[in-house]
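Notes for the structure review
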Amino acid sequence: MKKAMRIFTMLLALTMVFTLFTGCGSNTKVSEPAAKETAKKEEAKTETPAKKVKIKFAAWDTTLAGNEFKVVVDNFNKQSKTTEVEIIDASGKDFQDKLNISLAGGDDIDVYGIKDMPQYSSHITKKQVLALDDLIKKDGFDISPYGKGLDVLKVDGKTLALPFRSDFWILFYNKDLFDKAKLPYPTADMTWDQYRELAKKLTSGEGNDKVWGSFFHTWLSCTNNLMIAQGKNTMIDGKYDFLKPAYDLRLNLEQVDKSQMAYASIKSTNSHYRTMFESGKVAMLPMATFFIGTMISEKKAGKHNVNWGITKLPHFADGKSGDSVFNYTPVAINAGTKNRDAAWEFMRYLCGEPGALTIAKLGVMPAYSTKNVLDTYSSIEGFPADGKPALESPNAFIEFPVHKNAAQISKAIDEEAQMILIKSKNIDDGLKAMETKVKDLIGSK
Amino acid sequence: MEQIIDQYESQKRKLNATMRNRLTAYAFILPNFLGFVAFVLVPVLASFVLCFTEWDTSNPIQFKGLGNFLQLLKDDAFITSFWNTVYYTGAVVPLTMAVSLGLAVMLDKKLKGAKVFRSIFFIPYIASLVAISVVWNMIFSPEAGPVNSFLRSIGLSEPPLWTSSVHWAMPVIIFVGIWRFVGYYMVLYLAGLQGIPRELYEAAEVDGATAWQQFRKITLPMLTPTTFFVVIMLVINSFKVFDQIMVMTQGGPGRATHVLVFYIYYRAFQVFEFGYASAIAFVLFLVVLTITIIQFRMEEKWVKYM
């Protein structure tokens with residue numbers, strides 16, 4: 001009896017130690033292939049005796065298969081005789097925090113990716129970006145393929161970053177679900193009213209067989225972008241009653257038609273738009289073009305078998321077809337870099353045509369948009385055959401222009417958006433509260 | 001004369017011995033103390049200095065005087081966070097005390113399997129909080145969670161949305177907070193219970209006291225030193241609540257679970273306003289310090305030492 005007791009106590013102690021470590025183990029897996037990669041690189045280096053300048057490039061999720069940063073960096077390292085790029089990786093979720101802390105701590109990162117526009121603003125205020133105008137002028141780098149969109153990255157006339165990817169919002173739909181319901185596929189000139197009708201018809205089933213007609217994700221932009229697409233307002237205007245139709249639509253879908261999963265449920269069940277769409281549980285999904293690459297590569301990998309299509313984002317009756325919202329993934333050179341020229345050599349490769357062609361082949365939308373690049377993009381294997389018109393000449397507007405307090409404004413608006421979407425406040429009160437909350441933040445530009 | 005010199009010599013030797021003793025003691029403390037200085041003392045002092053400045057980690061530090069504190073008074077987010085923290089503490093302190101004392105009294109008996117139960121109640125305290133929070137989030141999930149499935153099965157058509165509801169999010173956080181710490185305080189109470197001499201109970205039984213009377217007149221008063229310690233620890237820990245909020249709700253929905261430490265984290269590491277974040281931290285420190293001082297002042301009124 002006593003012995004049994006002792007064994008039991010031992011077992012309990014072991015369980016305790018075990019539970020202590022659960023939830024901390026995921027990182028090691030990721031670093032393993034990374035370690036192998038560096039080992040490989042080490043080998044490659046011994047073959048080329050010429051001394052290369054080594055620079056560090058911070059980016060996220062580069063250990064995932066087919067990551068666009070990684071592929072471009074590998075190609076760059078193969079062709080460059082003067083510069084060798086080393087990737088500093090972090091997972092997408094932690095990247096911004098880690099980067100901020102390393103930059104604050106004075107780490108020798110030379111070039112870094114930026115996840116979104118509020119973060120870009122924050123890097124500018126902290127003077128962590130190098131002005132690129134002299135470098136652009138010096139070797140006549142052609143910036144015209146970026147279009148006038150490049151202006152949103154300029155502050156006081158200075159270009160402080162180049163865009164690597166450019167994504168704008170379109171509508172993804174599941175062709176099989178439309179066929180099953182005997183409905184025609186959505187077209188480029190669809191309004192949100194028509195979208196609502198369609199969503200109602202496409203919703204069916206219960207429990208595990210539930211199919212949702214519509215799926216807006218929980219991000220703040222998923223709702224707000226419907227109105228920003230009209231180009232009349234942005235999120236730093238300080239007035240938000242213009243957002244009302246978007247919240248009306250979403251709440252109607254959720255509460256009246258029940259054709260869209262409720263915001264609270266998505267949040268608490270951690271439902272992800274990707275898994276929802278890939279498992280065939282969602283008929284229509286407004287999402288940005290970055291999802292195209294994911295759909296293609298995951299279908300190739302056998303992770304889903306959805307017969308999908310794309311078309312332009314629907315618009316409200318007073319808007320027009322082609323209205324959309326775009327977002328850049330900017331890349332900047334650290335103001336404190338000691339390898340300015342090497343950093344620029346890499347940057348113009350990454351954000352210029354060579355990088356653009358490389359990532360277009362992966363299904364990733366490059367910001368550097370020549371005819372050559374677009375053709376490459378829409379002719380890759382797995383791209384929906386009838387999808388090319390959806391990407392042509394979008395009339396897209398920026399969601400978050402550069403603003404010193406962009407991150408805080410975004411949080412304040414998000415807090416109130418949550419209150420509206422969980423029905424703790426009605427739309428008018430919520431939008432009013434956004435205005436009061438951001439008032440001081442907007443003013444101190 | 002020689003005697004005096006002898007005395008002097010022996011005294012000197014004694015002094016040397018105590019000196020050496022002390023040095024040995026210091027040498028033992030040193031490694032730990034160095035860690036304390038590097039990772040606690042210096043940061044705390046630096047943070048105190050930062051209270052009066054504006055610093056975003058890359059632009060030069062600017063002196064702001066009391067500016068940060070004046071800004072705090074007008075900051076909605078700070079005021080909401082403050083009251084949310086008070087709400088959390090107000091609920092967690094008495095409830096955790098009651099539950100852990102109850103468990104301790106029950107498990108102090110010579111029950112079969114008491115040891116097993118003690119261990120089980122202690123597991124939440126050492127388990128990884130992130131894992132715990134994720135699991136509780138699933139349990140309280142409004143659509144698919146077991147809690148709401150049960151509530152629906154007994155006829156509640158619209159059960160609360162828990163972490164997605166402004167009114168229920170904080171109670172869920174409080175519940176998880178209590179569940180997590182109850183085991184630790186139970187162990188403290190168990191130690192306290194075992195320190196109570198058995199003769200007292202025997203004498204009371206002879207006099208015909210009921211179990212409830214014994215609990216009120218013997219157990220509770222004899223436990224006051226433990227309770228005093230438990231209250232102080234609980235208050236300090238409750239004011240510092242952060243991790244389960246970070247994982248479960250991120251301060252939301254809206255600002256329903258926005259507490260002080262979460263706000264400090266947000267200001268410091270999300271928007272990089274270290275000066276302002278330090279000012280909030282300093283206010284939090286003052287509040288906890290004041291409460292603790294008051295508790296020590298009140299100690300002699302209710303704490304009974306044998």
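Residues numbered from 1 in each chain as written. Chains lettered and ligands numbered in written order. Predicted model: local features only at pLDDT ≥ 70, side-chain atom pairs only at ≥ 80, totals over all residues. Heavy atoms only, no water.

1. Digging into the overall build of chain B
Within chain B one finds twelve helices and two strands. Counting from the amino terminus, helix and strand elements in chain B follow one another as α-β-β-α-α-α-α-α-α-α-α-α-α-α. At 26 Å, chain B has a C-alpha radius of gyration far larger than the 19 Å of a compact globule built from 306 residues. By principal-axis analysis of the C-alpha atoms, chain B measures approximately 100 × 75 × 35 Å. For chain B, with 306 residues in total, the buried portion stands at 42%. Long-range pairs, those at least 24 residues apart, make up 67% of the contacts in chain B between residues at least 6 apart in sequence. Counting every atom, chain B has about 17,800 Å² of accessible surface; 69% of that belongs to carbon and sulfur. With 23 positive and 18 negative side-chain charges, chain B shows a spacing of 4 Å between the two charge centroids. (Helix = DSSP H or I, 4+ residues; strand = E, 2+ residues; numbered from the N terminus. Rg over C-alpha atoms; globule rule 2.2 N^0.38 Å. Buried < 20%, exposed > 50% of the residue type's maximum accessible area, 1.4 Å probe, protein only. Contact = heavy atoms within 4.5 Å. Areas by Shrake-Rupley, 256 points an atom, 1.4 Å probe, with all protein chains shown as cover. Lys, Arg positive; Asp, Glu negative; His and termini not counted. Charge placed at Lys NZ, Arg CZ, Asp CG, Glu CD.)

2. Some points on the interface of chain B and chain A
The interface is formed by 35 residues belonging to chain B together with 28 residues belonging to chain A. Of the roughly 2,700 Å² buried between chain B and chain A, counting both surfaces, carbon and sulfur atoms make up 61%. Taken together, the links from chain B to chain A amount to one salt bridge. With its nearest N and O atoms 2.7 Å apart, the salt bridge here joins B:Arg255 to A:Glu415. Remark: the boundary between chain B and chain A carries four residue pairs in polar contact (both at pLDDT 80 or more). Looking at the side of chain B that touches chain A, the elements with two or more residues in it are α4 (114–126), α5 (129–139) and α11 (260–270) of chain B. Ranked by the residues each element gives to the side of chain B that touches chain A, the list is headed by α4(B), at six residues. When grouped by side-chain class, the residues that make up the side of chain B that touches chain A number 15 nonpolar, 14 polar and six charged. (Buried area = accessible area lost by both parts, 1.4 Å probe. Salt bridge = Lys/Arg side-chain N within 4 Å of Asp/Glu carboxyl O. Polar contact = N/O pair within 3.5 Å; in protein donor to acceptor, adjacent residues only side chain to side chain. Nonpolar A, V, L, I, M, F, W, Y, C, P; charged D, E, K, R; others polar.)

3. Regarding the confidence of the model for chain A
Detailed reading of the predicted model is not advised wherever pLDDT is low. Residues and elements named next belong to chain A. Here chain A averages 85 in pLDDT, while 89% of its residues score no lower than 70. Here helix α2 (residues 26–47) is the element of chain A with the lowest mean pLDDT, 45, and strand β3 (residues 111–113) is the one with the highest, 95. Scored below 50 in pLDDT, residues 23–48 shows ten contacts in the model against residues more than four places distant or in partner chains. (pLDDT = per-residue confidence, 0-100.)

4. What to know about the domain arrangement of chain B
The assigned domain composition of chain B is domain 1 (2–49) and domain 2 (67–302). Averaged C-alpha coordinates put domain 1 of chain B and domain 2 of chain B at centres separated by 39 Å. (Domains from an automatic or database assignment.)

5. Regarding the packing of helix α3 (residues 76–108) of chain B against α4(B)
Residue and element names in this part refer to chain B. Between α3 and α4, the least distance of the axes is 9 Å, while the angle of their chain directions is 160°. Between α3 and α4, the crossing angle belongs to the class labelled roughly antiparallel. The crossing of α3 and α4 is left-handed. Packed against α3, whose contacting residues are Leu103, Leu107 and Asp108, the element α4 presents Ala114, Phe117, Arg118 and Phe121 at the interface. (Axes fitted to C-alpha atoms, helices over the stretch in contact; angles between N-to-C directions. Parallel < 35°, antiparallel > 145°, perpendicular 65-115°, else oblique. Left-handed = near helix turned anticlockwise from the far one by under 90°.)

6. Examining the domain arrangement of chain A
Accessible area lost upon the coming together of the parts is a frequently used measure of interface size. Residues and elements named next belong to chain A. Along its sequence, chain A is carved into domain 1 (51–166 + 327–378) and domain 2 (168–326 + 389–443). Each of domain 1 and domain 2 was reduced to a C-alpha centroid, and the two centroids are 28 Å apart. On the domain 2 side, the residues contacting the 17 residues of domain 1 number 17 residues. Between domain 1 and domain 2 we count zero salt bridges in total. For the side of domain 1 that touches domain 2, the secondary structure elements donating two or more residues are α5 (117–125), β6 (162–174) and β10 (323–333). The greatest single-element share of the side of domain 1 that touches domain 2, amounting to six residues, is contributed by α5.

7. A few points about the pattern of salt bridges
Two side chains with opposite charge may pair up if their charged atoms get near one another. Taken as a whole and judged by the stated rule, the model has 29 salt bridges over all chains. The residue A:Lys388 makes a salt bridge to A:Asp375 at a minimum N-O spacing of 3.5 Å. Taken together, the residues span a long stretch of sequence, with A:Lys388 in helix α17 (residues 388–391) and A:Asp375 in helix α16 (residues 371–378) at a distance of 13 residues. By relative accessible area, which is 29% here, A:Asp375 ends up partly exposed. A salt bridge links B:Glu273 to B:Arg267, with the nearest nitrogen and oxygen atoms 2.5 Å apart. Residue B:Glu273 is classed as partly exposed on the basis of its relative accessible area, which comes to 23%.

8. Section: unusual backbone geometry
All names here are of chain A. One non-glycine residue with positive phi stands out, namely Asp61, at about 55°. By secondary structure assignment, the location of Asp61 is in the loop between β1 (53–60) and α3 (68–79). Phi at Lys182 takes a positive value of approximately 55°, unusual for a residue other than glycine. Looking at the element boundaries, Lys182 is found in the loop between α7 (175–180) and α8 (192–202). Classification of Lys182 as exposed rests on a relative accessible area of 75%.

9. Observations concerning the packing of aromatic side chains
How two aromatic rings sit relative to each other is set out by the distance from centre to centre and by the angle between their planes. By the definition in use, this model includes 54 aromatic pairs over all chains. Ring centres of A:Phe178 and A:Tyr185 lie 6.2 Å apart, and the angle between their planes is 80°; on these two criteria the pair is classed as edge-to-face. Judged by relative accessible area, which is 30%, A:Tyr185 ranks as partly exposed. Between B:Trp136 and B:Trp179, the ring centres sit 5.3 Å apart and the planes meet at 80°, which makes this aromatic pair edge-to-face. Placement of the pair is B:Trp136 in helix α5 and B:Trp179 in helix α7 (residues 169–194), with a sequence separation of 43 residues. Looking at B:Trp179, the relative accessible area reads 33%, which means it is partly exposed. Grouping aromatic residues by their ring pairs yields a cluster made of A:Phe57, A:Trp60, A:Phe69, A:Phe76, A:Phe95, A:Phe164, A:Phe346 and A:Tyr349. In this structure, A:Lys411 packs its charged tip against the face of B:Tyr266, placed 4.3 Å from the ring centre. (Phe/Tyr/Trp six-rings, centres within 6.5 Å; stacked < 30°, edge-to-face > 60°. Lys NZ or Arg CZ within 6 Å of the ring centre and 35° of its normal.)

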